[in-house]
Amino acid sequence: MIPTLIVLGLLALGVAIVAFATRRPATRQDVVVDNDVAWNDPITPGTAAPAEADPFAHAPALTPTSDAEPASANAIPAERAS
């Protein structure tokens, strides 16, 4: 008999929790709806930021610094310049 009462008590507790969690608010006047959600505002700003100069424009161009000629394809590793 005791296990049946425990199961019925837990079932009643579960029903009470579900009923409390899904209840509706008493009045709809308490709920405030924000109409300004900005979902359709333009993405681009009205004033654009000024364009900045390239900070690396004065840098020298990269060139290979190796003075050695590339090894031939059929040279063995001991003959290649390192």
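Owing to the predicted nature of the structure, the values given are computational and were not obtained by experimental measurement. (Residues numbered from 1 in each chain as written. Predicted model: local features only at pLDDT ≥ 70, side-chain atom pairs only at ≥ 80, totals over all residues. Heavy atoms only, no water.)

Asks: Sorry, what's going on with the overall build of the protein here?
Replies: Assigned secondary structure in the protein consists of one helix and zero strands. The proportion of buried residues among the 82 residues of the protein is 1%. Entry remark: accessible area of the protein is about 8700 Å², with carbon and sulfur atoms responsible for 63%. (Helix = DSSP H or I, 4+ residues; strand = E, 2+ residues; numbered from the N terminus. Buried < 20%, exposed > 50% of the residue type's maximum accessible area, 1.4 Å probe, protein only. Areas by Shrake-Rupley, 256 points an atom, 1.4 Å probe, with all protein chains shown as cover.)

Asks: Whenever I open this one, helix H1 (residues 2-21) confuses me. Can you help?
Replies: Counting along an α-helix, one turn takes 3.6 residues, and residues three or four places apart therefore face a common direction. In this model, H1 (20 residues) spans 29 Å end to end at C-alpha, consistent with the 28 Å of a helix rising 1.5 Å per residue. For H1, the buried fraction is low: zero of the 20 residues fall into the buried class. (Expected span 1.5 Å × (residues − 1).)

Asks: Where do I start with a nonpolar patch on the surface in this structure?
Replies: Taken together, the side chains of Met1, Ile2, Leu5, Ile6, Leu8, Leu10, Leu11, Leu13, Val15 and Ile17 define a hydrophobic patch exposed on the protein surface, amounting to about 1100 Å² of accessible area. Among the secondary structure elements, valine 15 is positioned in helix H1. According to the relative accessible area criterion, valine 15 is exposed, its value standing at 52%. (Patch = residues over 30% accessible without salt bridge, like charges linked within 9 Å, V, L, I, M, F, W, Y side chains within 5 Å. Salt bridge = Lys/Arg side-chain N within 4 Å of Asp/Glu carboxyl O.)

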